[in-house]
Amino acid sequence: MLFKYVQFIFLLYASTLFGQGYNVLDYGAKGDGIHKDTQAVQKAIDLATTNGGGKVIIPSGKKIVVGTIFLKNNVSLYLENGAVLLGSPDIEDYAKNTHKNMYKNEPHMDRCLIFANEAHSIAIEGYGTIDGNGFPKNFKRETGRPMLIRFLNCTDIHINNVKLINPAAWTSAFLYCNNISVSGISIKSRANYNGDGLDFDGCQNVSVTNSFFDTSDDSICLQASLPNVPCKNISISNCVFESKWAGIRIGLLSRGNFEAVTVSNCTFKNIDDSGLKIQMNEGGKMENMTFSNLVMKNVPRPIFMTLAQQKACVDAPEKMYPVGNIQNFTFENIIVDNKDLDQNSAIFITGITNHYIKNILLRNIQLHFSGGGTLEDAKKKKLKEYTLDVLKGWWPEFHLVGTLPAYGIYARHVKGLYMDNVHMHTEKLDKRAPIILDDVLQDHINNTFSNYKLITKSELIRL
């Protein structure tokens, strides 16, 4: 009797000290990887939030199969080491009331596995795994491809240490959320087509640190799909990116503004498209961003910046957007090793005619390229502009321009370009110029070298 009393007192004290735990097995979950445990997990979440909050536990050694679950106020979804939360392979197990994907022509990604709406103080934590089970045999565009996570209008979000793997579409979408901390996570999203990693749309006060990305689309994407909800105060640091598309993309969905973004101490490797892909399409403004202490290997277009007009948002008005603004960007202390890629690799920064990208600083940068550009490549004078008649429904992708006539840096329609201590090297002879400035105003090029030789002002090619 005394023992039971002591045990009761201990459990009561532990609950007060550490927060109440709700093990999903206690609410009917089988955890055998076969039976669908959606109702049991949701019951634990609902009880936890009703009681003021707590930790819903996915226990180690168990594989909990679920369809859509709804995370609620003051609840932490905690995956113990060795635990797996596995997405159901049946699209009918995914709810339809989980908002929508904000890109046009992609309603097949409207559903999701974990959803929260107007929730505060929510978390996904632990050393376990959330597996979307999103392979093409389970989910196709025609039937629907659910995202792994979607949070809408939520505040105080923590995602720590978990593994997020095999989503059928994007890994996550944070829409109009505030105060987000992501740390120590690992994302592998190669199971299906265009598997983004972390997408922050109209979010503020965001920190992403110490995380690893292996994605079939953009590893991190910053967006602004509502004109009056900016994406700002974003810090990304100490991460490793590997991607079939971009490491970090800022824009495309760009009806709103972007401001105060810092990216530091990150490694990019084996990126198929661009390391830093910055694109203002829908009339908003991007300004005041820094990118520093970065290492990139096998990353064509380590920096790719475009200003254009294109409708990306599902709620786009009929009338085309005005041209937006990009200004006040610093890129410094960057090493790029692209000597194993083909010759189509360079920094490409381009506005459009009469609309300039402004105040770009490139400092302390090493660029290593394979070389091999031909005399025919060097003679290219007029590259396609990202104008409406050229885009014709396309995003402003690099393939619309083709091989650049510069092997190092091509800047076009830029006002205020400052370069200092930039070093470019080619493994093979390259007949192209290291730098071409096309309609670049107010440029200042200092201490810039091509294959160990200082580039003088008279050697710069201006178009």
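Rules used in this analysis
- Residues numbered from 1 in each chain as written.
- Predicted model: local features only at pLDDT ≥ 70, side-chain atom pairs only at ≥ 80, totals over all residues.
- Heavy atoms only, no water.
- Helix = DSSP H or I, 4+ residues; strand = E, 2+ residues; numbered from the N terminus.
- Rg over C-alpha atoms; globule rule 2.2 N^0.38 Å.
- Contact = heavy atoms within 4.5 Å.
- Areas by Shrake-Rupley, 256 points an atom, 1.4 Å probe, with all protein chains shown as cover.
- Lys, Arg positive; Asp, Glu negative; His and termini not counted.
- Charge placed at Lys NZ, Arg CZ, Asp CG, Glu CD.
- Phe/Tyr/Trp six-rings, centres within 6.5 Å; stacked < 30°, edge-to-face > 60°.
- Lys NZ or Arg CZ within 6 Å of the ring centre and 35° of its normal.
- Salt bridge = Lys/Arg side-chain N within 4 Å of Asp/Glu carboxyl O.
- Buried < 20%, exposed > 50% of the residue type's maximum accessible area, 1.4 Å probe, protein only.
- Pairing = 2+ DSSP bridges.
- 1 Å grid on protein atoms, 1.4 Å probe; cavity = no way out; pocket = protein on both sides within 12 Å on 5 of 7 lines; lining within 4 Å.
- Points joined across faces, edges and corners; volume = space filled by probe spheres on them.
- Nonpolar A, V, L, I, M, F, W, Y, C, P; charged D, E, K, R; others polar.
- Core = buried A, V, L, I, M, F, W, Y, C linked by side-chain atoms within 4.5 Å.
- Expected span 1.5 Å × (residues − 1).
- pLDDT = per-residue confidence, 0-100.

Student: What should I look at first to understand the overall build of the protein in this one?
Tutor: The number of helices and strands found in the protein is four helices and 35 strands. The C-alpha atoms of the protein give a radius of gyration of 24 Å, which matches the 23 Å a tight globule of 463 residues would have. Oriented by its inertia axes, the alpha-carbon framework of the protein measures out at about 95 × 45 × 40 Å. Counting contacts in the protein only where the partners sit at least 6 residues apart, residues at least 24 apart contribute 77% of the total. Here the protein has roughly 18,900 Å² of accessible surface; of this, 51% comes from carbon and sulfur atoms. Taking the average location of the 48 positive side-chain charges in the protein and that of its 45 negative ones, the two points are 2 Å from each other.

Student: What am I meant to see in the packing of aromatic side chains here?
Tutor: Aromatic rings in a pair are described by how distant their centres are and how their planes are angled relative to each other. Tallied over the full model, the rule gives 17 aromatic pairs. For the ring pair F70 and F115, a centre distance of 6.0 Å and an interplane angle of 90° mean the geometry is edge-to-face. With F70 in strand β5 (residues 69–70) and F115 in strand β8 (residues 112–117), the pair connects residues that are 45 residues apart, well separated along the chain. A connected cluster of aromatic rings, assembled from ring pairs, spans F304, F348, F398 and Y410. Here K55 stacks its cationic end above the ring of Y78, 4.5 Å away from the centre of that ring.

Student: Is there a simple way to explain the pattern of salt bridges in this structure?
Tutor: Close approach of charged atoms allows side chains of opposite charge to pair. The final tally for this structure, using the stated rule, is 19 salt bridges. Across the pair D272 and K244 runs a salt bridge whose closest N-O atoms are separated by 3.8 Å. A residue pair is termed long-range when its members are at least 10 positions apart, and D272 in the loop between β24 (258–271) and β25 (274–280) and K244 in the loop between β22 (240–243) and β23 (246–254) qualify at 28 residues. By relative accessible area, which is 43% here, K244 ends up partly exposed. Put simply, R462 and D443 hold a salt bridge, and the shortest N to O gap is 2.8 Å.

Student: For this particular structure, what's the right way to read unusual backbone geometry?
Tutor: Most peptide bonds take the trans form, and the phi angle of most residues other than glycine is negative. For N133, which is not glycine, the phi torsion reads 55° and is therefore positive. Secondary-structure assignment places N133 in the loop between β10 (129–131) and β11 (147–152). Under the relative-accessibility criterion, N133 is labelled buried at 14%. Here N265, not a glycine, exhibits a phi torsion of approximately 55°, which is positive. Among the structural elements, N265 can be located in strand β24. What makes N265 partly exposed here is its relative accessible area of 39%.

Student: What should I look at first to understand the pairing of strand β12 (residues 155–160) in this one?
Tutor: The two faces of a sheet get side chains in turn, since along a regular strand they alternate between them. Here five bridges tie strand β9 (residues 120–126) to β12, and the two strands are oriented parallel to one another. The residue of β12 that forms the bridge with I124 is I159. In this structure, β12 lies alongside strand β15 (residues 178–183), joined through five bridges in parallel fashion. Following the sheet pairing, T155 is matched in β15 by N178.

Student: Looking at this structure, I do not really get the layout of surface pockets. What am I missing?
Tutor: When its volume is computed, the largest pocket comes out at roughly 670 Å³. Contributing to the lining of the largest pocket are 26 residues, with E106, Y193, N194, D217 and W395 lying nearest its centre. Those elements that place two or more of their residues in the lining of the largest pocket are β20 (220–224) and β23. Class assignment for the residues of the lining of the largest pocket results in eight nonpolar, seven polar and 11 charged.

Student: Sorry if this is basic, but what is going on with the nonpolar core here?
Tutor: The nonpolar side chains of a soluble globular protein tend to be buried, and buried together. Core analysis: the largest hydrophobic core is formed by 122 residues, its most contacted members being I114, I124, F151 and F331. The leading source of residues in this core is strand β31 (residues 406–426), at 10 residues. Ignoring sequence-local partners within four residues, the contact set of F331 consists of L276, I278, F291, I303, M305, I360, L361, L362, R363 and I365. One finds F115, L252, L253 and A312 within the second-largest nonpolar core, a separate group that totals 18 residues.

Student: Quick question: what am I supposed to make of helix α2 (residues 38–50) here?
Tutor: The α-helix advances 3.6 residues per turn, and as a result positions three or four apart in sequence lie on the same side. Here α2 is 13 residues long and its end C-alpha atoms lie 18 Å apart, about the 18 Å a rise of 1.5 Å per residue gives. Of the residues making up α2, those classed as buried are T38, A40, V41, Q42, A44, I45 and A48. Buried-residue contacts for α2 involve β1 (21–23), β2 (32–36), β3 (54–58), β4 (63–66), β5 and β6 (75–79). The positive-phi residue at the C-terminal boundary of α2 is G52, with phi of around 100°.

Student: Which parts of the structure should I look at to understand the confidence of the model for the protein?
Tutor: In low-pLDDT regions, the fine details of the predicted coordinates are not to be read closely. Here the protein averages 94 in pLDDT, and 96% of its residues register 70 or above. Low pLDDT, under 50, characterises residues 1–18; the stretch is placed with two contacts to residues that sit more than four places away or in other chains.

Student: Got a minute to help me understand the side chain of S237 in this structure?
Tutor: Tracing the sequence through the fold places S237 in strand β21 (residues 231–237). On the basis of relative accessibility, which here comes to 11%, the residue S237 falls in the buried class. Discounting residues that sit within four places of it in the chain, S237 has contacts with V208, T209, N210, S264, N265 and C266.

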